[in-house]
Amino acid sequence: AKYRDSLFQVIPRTKFGAFARGAKVVVYTKKSGPHTRIIDGGSGYLCEMEPVAHFGLGRDVATNVEVYWPDGRSIARPLEPSEINSVLEIPYPKDEEEVTPTVEIECGHGFALNEFGRCTDKDECTQFPSMCPSDRPICTNTYGSYKCRAKKRCNQGFEPNDDGSACVGESS
Ligand SMILES: [Ca+2]
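What this report covers is the structure whose coordinates are included nearby. (Residues numbered from 1 in each chain as written. Predicted model: local features only at pLDDT ≥ 70, side-chain atom pairs only at ≥ 80, totals over all residues.)

### Structural notes on the overall build of the protein
Check the secondary structure of the protein and you find 1 helix and 13 strands. In the protein, the order of α-helices and β-strands from amino to carboxyl end is β-β-β-β-β-β-β-β-β-α-β-β-β-β. Burial statistics for the protein: of 172 residues in total, 18% are counted as buried. Relative to all contacts within the protein whose residues are 6 or more apart in sequence, the contacts with residues 24 or more apart total 43%. (Helix = DSSP H or I, 4+ residues; strand = E, 2+ residues; numbered from the N terminus. Buried ≥ 20, exposed ≤ 12 C-beta atoms within 10 Å, placed from the backbone. Contact = placed C-beta atoms within 7 Å.)

So, in structure tokens, the structure goes:
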């Protein structure tokens, strides 16, 4: 059977029902982590982008969506299977509306819910101090994952590369 490419569109709205330009939409998935889109601000005068966040997820499955409005309001909610392959309108949250979801949200591998009900990167190195194998003991947290590298002594101004095989110029 041919799989259906999972195409998914999110349209955040302002308080007044207009397109929420500048809003950030993050869709969390089972396999490929978070996908982030910013709704175009519409500043270009030649071709104005559609104020819609498009997600092409292939075989992956979207589990939940977060929308951040430019004024700082945000919502997070899980996605129903019926909502994937569709156009999802996200209205601006009403004042009385619960901003933190009460239902369980699946952030996917490498992410965890914070106290505000939003998915954030898990700091594997801090949470699990023995995360890395003994031959590559230096743990560095990354967005959605972490890196382990070998201990290597480098001259001042240099740092070990990811696998600890050489010294490279400091990135920062
Ligand atoms: Ca991480």
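### Some remarks on the sheet that holds strand E5 (residues 62-68)
With antiparallel pairing, 4 strands are arranged side by side in an open sheet as E3-E2-E5-E6. Of all strands in the sheet, those with a lone pairing partner are strand E3 (34-38) and strand E6 (74-78), marking the two edges. On average, adjacent strands in this sheet sit at an angle of 15° to one another, irrespective of strand direction. Looking at chain direction, strand E2 (residues 24-29) and E5 are connected through 6 bridges and run antiparallel. If you follow Val 26 over to E5, its bridge partner there is Glu 66. (Pairing = 2+ DSSP bridges. Axes fitted to C-alpha atoms, helices over the stretch in contact; angles between N-to-C directions.)

### Description of the pairing of E2
Here 5 bridges tie E2 to E3, and the two strands are oriented antiparallel to one another. Note that in E3 the partner of Tyr 28 across the bridge is Pro 34. Taking the residues between adjacent antiparallel strands as the criterion, E2 and E3 are bridged by 4 residues, where Gly 33 takes a positive phi near 75°.

### Concerning the nonpolar core
With 23 residues, the main nonpolar core has Ala 23, Val 25, Val 27, Val 65 and Val 67 as its most contacted residues. Elements supplying a minimum of two residues to this core: strand E1 (7-12), E2, E5 and E6. Excluding residues that lie within four positions of it along the chain, Ala 23 makes contacts with Pro 12, Ile 39, Val 67, Tyr 68, Trp 69 and Pro 70. (Core = buried A, V, L, I, M, F, W, Y, C linked by C-beta atoms within 7 Å.)

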